[in-house]
Structures are given as structure tokens and as C-alpha cells.
Amino acid sequence: MTMRLFSIIGRKGSGKTTLMVALAREFKRQGKRVGTIKHASHPALVDAEGTDSFRHFHQGMAERSMVASPDLRVTFERTSENHDPVALATRYMAGLDLVLCEGFRGSILPRVEVVRREVSQEPPYYTVPAPGAGPWLGVVTDDLALTAPCRIVRFQDTMWLPVISMLAWEHGLLVEP
């Protein structure tokens, strides 16, 4: 089964996670199987100190630990491997229709960038793309004066979410697991 990968990028606090959540819910509403991957430049802390699972992983120094409950499974894994989103999706997200990736601005993934002027005065990433970066399909913004070399979708537009979901679905990177 072929899956699609798509990235949402932007400055800290610009609304990337809010857009990711809205897109994931929209695709779920459409009946699609959706996964998400979040890039982090800091250590990921997703377990509480003192719990058995925390102790298994941190005190036991296990390479991998899994918490399995009736309706949820969480795996913790130590690795120094490259965290390329295509490799991660292929390894962990097989069987899904679409994987939305937050961040990974240097990856080959097609992307939209969230730009909010009140959050950052730094220039948008599309003005100086990372080497090897995938294509910019659009910019999502609340800045009415913003111009860009790609499609601009404004949060004020009533159809912003369907437009972004269409871009992600039609132009996502196709990957065979």
C-alpha cells in the first residue's frame, strides 16, 4: 500500500502543531488512516519519572521498551540512526494512507510553511531553503501583505483547511513501505 508524506514547517510558535492537528482530524473525517511524526531537536520526554516503564527504559538502559495497554501502545527506542522522516514512516507507519510530519525542514518532503508575522520577524524559510529541501507547495499565513513564490493560503479564507488538505493529498511524497 502506497502512503503519502507531507511536511508542515515554520518558526517556533507559528502554529505548526495547530495545523497538524487540524489536518489529521480532517483526513480522519475523510476516512483516511493518518500518522504523524514530530521532529524534535531536544530529548523527547513522554513518560513520567517513577513509573515502571520509565524505570525499564532509563534505569534498565533497555534499547527498546514498550508500554502496552488495551487501547494504546507506546514504544521508546534508543538510536543514533538518522531521523529521516521517509525512513521513519517506512519503518513505523506502514499501512497508513498519509503521514504528516511536523518540522524536518531539510528533508525532501513537499511542504507548506506556516508564517505569522506577530510570532517572528525572521524571514520565512522559503526565502532561504535548506539544501536538498523538498518543494514548497504553499504558505499558510494571517499576513494579508505577504507575497511568496508559491500558493498563499490565508487563515482568514473560509476554505484554508480543505485547500491545504488537497495540497497534502495530491502532492504528498509517495512512498512504498
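In this text the structure is predicted, and so the values were computed from the model without any measurement.

Caption draft 1: Expanded view of the overall build of the protein. Along the backbone of the protein there are 4 helices and 9 strands. Taken from the N to the C terminus, the helices and strands of the protein come in the order β-α-β-α-β-β-α-β-β-β-β-α-β. For 177 residues, the compact-globule estimate of 2.2 N^0.38 gives 16 Å, and the C-alpha radius of gyration of the protein, at 18 Å, lies within 12% of that figure. A burial count over the protein gives 40% of its 177 residues as buried. Contacts in the protein between residues at least 24 apart in sequence constitute 66% of all its contacts with a sequence separation of at least 6. Summed over its atoms, the accessible surface of the protein is roughly 10,400 Å², and 55% of this surface lies on carbon and sulfur atoms.

Caption draft 2: Examining the environment of Val139 more closely. Among the secondary structure elements, Val139 is positioned in strand 7 (residues 136–141). A residue is classified by how much of its surface remains accessible, and Val139, at 0% relative accessible area, is buried. Residues Val139 and Glu113 lie 26 residues apart in sequence; the distance between their C-alpha atoms is 4.7 Å.

Definitions and limits used
Positions within a chain are numbered from 1, following the residues in the order the chain's sequence is written. Since the coordinates come from a predicted model, pLDDT governs what is reported: local features require at least 70, and pairs of side-chain atoms require 80 or more to be given and counted, while whole-chain, interface and lining totals use all residues. The side-chain numbers reported here are obtained from all heavy atoms of the structure, hydrogens and water having been left aside. Secondary structure elements are taken from DSSP: a helix is a run of H or I of four residues or more, a strand is a run of E of two residues or more, and numbering for both begins at the N terminus. For the radius of gyration, the atoms used are the C-alpha atoms, and the globule rule reads 2.2 Å times the number of residues raised to 0.38. Buried means the residue's accessible area, taken with a 1.4 Å probe over protein chains only, is under 20% of the maximum for its type, while exposed means over 50%, and partly exposed covers the values in between. Throughout, a residue-residue contact means that at least one pair of heavy atoms, one from each residue, lies within 4.5 Å. Per-residue and other accessible areas follow the Shrake-Rupley method at a 1.4 Å probe size, with only the shown protein chains counted as cover for residues.

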